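Architecture at a glance
What follows is the residue order along each chain.
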Amino acid sequence: MATAVSILPAQQLATLEDAYRKAVARKRLRGALAIAVFCVVLVLAAFGAEVNLRTLFTYFGNFVSYFDRILTLDSGARVWTDPAEWFWGWHKWLKMLGETLLISYVGTLTGAVFAFALNFFAAQNTSPGPWVRFIIRRLLEFARTVPGIVFALIFVIAFGLGPMAGVLAIAIHTTGALGKLFAEIVENADMKPVEGIRSTGASWLSCMRFAILPQVSAGYASYALLRFEINVREASVMGFVGAGGIGQELVVAIRKFYYSDVSAILVTIIVTVFIMDISTGWLRGRLFGKETSR
Amino acid sequence: MSQMPRPDIAELRGKYPGVFERPASARLALPAMVAAALAIFVYGLVDLDFSPTKLITGMSQLGWITMMMIPPNPGSSFPLYMQALGETLSIALLGTTLAALFALPVSLLAARNIIPSNLIRFPVRRFLDSIRGVDTLIWALVWINVVGLGPFAGVLAIMVSDFGAFGKLFSEAIEAADRKQVEGIRASGGNALHEIRFGLLPQVLPVIAGQVLYFIESNTRSATIIGIVGAGGIGLQLAEQIRVLEWQKVSFLILMILIAVAAIDFISSKLRFAIIGQRAVV
């Protein structure tokens, strides 16, 4: 069955086509302008960042050969031909790795507890007053925006070198990040149970405990696990500023050009991060089902 | 109205024991998990040398430091700090853009609907995963070894570590794209490249643009810290001032970072809404 395609008279068609052309041209012009502005900003940024393509070209060989060197043992053989020699320090490294994991665990748990204590005050629907909410929000924002490693730098001076500074830095950063996420979960919670419990004459605390908490605890645990995963990465570099963990070994190896050690420690970190990703992902899937596991 | 026959509780209890009493394993699971978590926590505290005296002296030190930070005062170095801040923003912008440019073609290789073969997709994905497993700071250290100290090393570090993240995010965006447009292009005689250009890109570009903007935002934060290992920007100044205990300058620098991050947040969320409409990605 063939249907006739109705064709408009030429005059009408011309005006329509003209309008279409104009609209497209305007859109194209705007796109081109945006791209031009972006390019100008990029060039400015390139000057600001002292980008020097010649340095890159001259030294790019170094980048490739750097990986070549970190994959070569002192004897000149490839690292994987002699794993025992490659991982000669595995005993020490595993210990430092354990310390890294502990730092992130203790930091995450402490941060989660503080975030838990603060988030009801930060959420719009449960906060006892706008002033409290404003102050808590700004506090969380501060803890979240200042990078963890900056806290670590300051804490190393206050608390001395060692893992304690790292733990506290991670705990503060985690409080900020989780506090915001937790508050968002609470804001999405159903308020009807709260009304029900308040109508029985319960206090604010009981309302939170019996009406909100049962709705949100799964979400809390899921986010806390996700944060733990991120914090393992973060803890692996805390050692750069002297705040404990495997980063200390890594920075020494990089700065002193112990090439095969660099690759060995990097492999250790990558494998650990993989295992953490997979196991926390599995755990989240197990505990909270598919939808909350992202 | 007739009365319902009363169910025989004892009989039902015999029939369905699981409904009346939760099995011991279910009742004990939660307390056991909490106890285990606490045990590891306490072990961690002991192993990491936590002691109340250390905590208290540290806290008083910290209080003293905070007192010293007020009021924030840049001294005579304000122009230098502004320049450093500009450097940081440049690092973030340039690193993210370059990463996005390089990641786009690679993400096509990692997307299931473009490359159905596991043989290529799997290694590409693992490669991206390993890049993501290494922190930006570590990349910065490596690049410093290659191009020397300075902001350029920072740009390259951000570029490499974001390359891994973008590769993954872009390929997910591509996999989520609608098949039908691609089929339409194929039906009208387009080749594989046409399918990608006219069928896929118009769908995924807004999503990708949103993600890139979001990363520029979060990279402003990362760019502040890579200076700590010597890769330029405001972090370099911050680390130096912390090491020489110039606390008023430190607090001024932290304030500058906070304001800059807030400004970038504001601008990029405006742009993001303009590009993708009212529903934000991420």
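Residues numbered from 1 in each chain as written. Chains lettered and ligands numbered in written order. Predicted model: local features only at pLDDT ≥ 70, side-chain atom pairs only at ≥ 80, totals over all residues. Heavy atoms only, no water.

**Quick word on the UniProt feature "transmembrane region" (unreviewed entry) in chain A**
Residues and elements named next belong to chain A.
- According to UniProt, the positions carrying the feature "transmembrane region" (unreviewed entry) are residues 31–49, 102–121, 142–172 and 264–283.
- From the first C-alpha to the last, residues 31–49 spans 26 Å; its make-up is 95% helix and 0% strand.
- Annotation note: span residues 102–121, helix share 100%, strand share 0%, distance between end C-alpha atoms 30 Å. (UniProt positions renumbered as here; feature names shortened; annotations may be inferred. Helix = DSSP H or I, 4+ residues; strand = E, 2+ residues; numbered from the N terminus.)

**Regarding the environment of B:Arg221**
- Following the sequence through the fold, B:Arg221 ends up in helix H10 (residues 192–226).
- Among the residues examined, B:Arg221 registers a relative accessible area of 22% and is labelled partly exposed.
- Along the chain, B:Arg221 and B:Ala92 lie 129 residues apart, while their C-alpha atoms are 8.5 Å from each other.
- Sequence-distant contacts of B:Arg221, that is, excluding residues within four places in its chain, are made with A:Arg144, A:Thr145, A:Pro147, B:Val261 and B:Asp265. (Buried < 20%, exposed > 50% of the residue type's maximum accessible area, 1.4 Å probe, protein only. Contact = heavy atoms within 4.5 Å.)

**Some details on the domain arrangement of chain B**
- Looking at the assigned domains, one finds that chain B contains domain 1 (9–69) and domain 2 (78–276).
- On a C-alpha basis, the centroid separation for the pair domain 1 of chain B and domain 2 of chain B is 37 Å. (Domains from an automatic or database assignment.)

**Some points on a nonpolar patch on the surface**
Residue and element names in this part refer to chain A.
- Together, Trp131, Phe134, Ile135 and Leu139 line one region of the surface with nonpolar side chains, adding up to about 480 Å² of accessible area.
- Along the chain, isoleucine 135 falls in helix H5 (residues 130–145).
- The exposure class of isoleucine 135 is partly exposed, given its relative accessible area of 48%. (Patch = residues over 30% accessible without salt bridge, like charges linked within 9 Å, V, L, I, M, F, W, Y side chains within 5 Å. Areas by Shrake-Rupley, 256 points an atom, 1.4 Å probe, with all protein chains shown as cover. Salt bridge = Lys/Arg side-chain N within 4 Å of Asp/Glu carboxyl O.)

**So, the nonpolar core**
- One finds A:Ile154, A:Phe155, A:Phe240, A:Leu250 and B:Trp143 to be the most contacted residues of the largest nonpolar core, which totals 126 residues.
- Mapping this core onto the domain boundaries places at least three of its residues in each of domain 1 (9–69) and domain 2 (78–276) of chain B.
- Discounting residues that sit within four places of it in the chain, A:Ile154 has contacts with B:Leu62, B:Met69, B:Ile242, B:Trp247, B:Val250 and B:Ile254. (Core = buried A, V, L, I, M, F, W, Y, C linked by side-chain atoms within 4.5 Å.)

**Quick notes on the interface of chain A and chain B**
- Facing 56 residues of chain A, the contacting portion of chain B comprises 59 residues.
- Summed over both partners, the interface of chain A with chain B comes to about 5,100 Å²; 83% of that surface belongs to carbon and sulfur atoms.
- The interface formed by chain A and chain B includes zero salt bridges.
- At the boundary of chain A with chain B, the tally comes to three residue pairs in polar contact (both at pLDDT 80 or more). (Buried area = accessible area lost by both parts, 1.4 Å probe. Polar contact = N/O pair within 3.5 Å; in protein donor to acceptor, adjacent residues only side chain to side chain.)

**Remarks on unusual backbone geometry**
- In this chain, B:Ile70 is followed by B:Pro71 through a cis amide linkage whose omega measures -5°.
- Here B:Pro71 shows up in the loop between helix H4 (52–69) and helix H5 (78–110).
- A positive phi angle, close to 60°, is found at A:Phe257, a residue other than glycine.
- Looking at the element boundaries, A:Phe257 is found in the loop between helix H10 (247–255) and helix H11 (259–292).
- At B:Leu245, a position not held by glycine, the phi torsion is positive, near 60°.
- Its place among the elements puts B:Leu245 in the loop between helix H11 (234–243) and helix H12 (247–276).

**Brief notes about the packing of helix H6 (residues 148–159) of chain A against helix H7 (residues 163–187) of chain A**
Residue and element names in this part refer to chain A.
- The N-to-C vectors of H6 and H7 enclose an angle of 140°; their axes lie 8 Å apart at closest approach. With respect to H7, the element H6 is oriented oblique. The chirality of how H6 crosses H7 is right-handed. Across the interface between the two elements, Gly148, Phe151, Ala152, Phe155, Val156 and Phe159 from H6 touch Met164, Ala165, Leu168, Ala169, Ile172 and His173 from H7. (Axes fitted to C-alpha atoms, helices over the stretch in contact; angles between N-to-C directions. Parallel < 35°, antiparallel > 145°, perpendicular 65-115°, else oblique. Left-handed = near helix turned anticlockwise from the far one by under 90°.)

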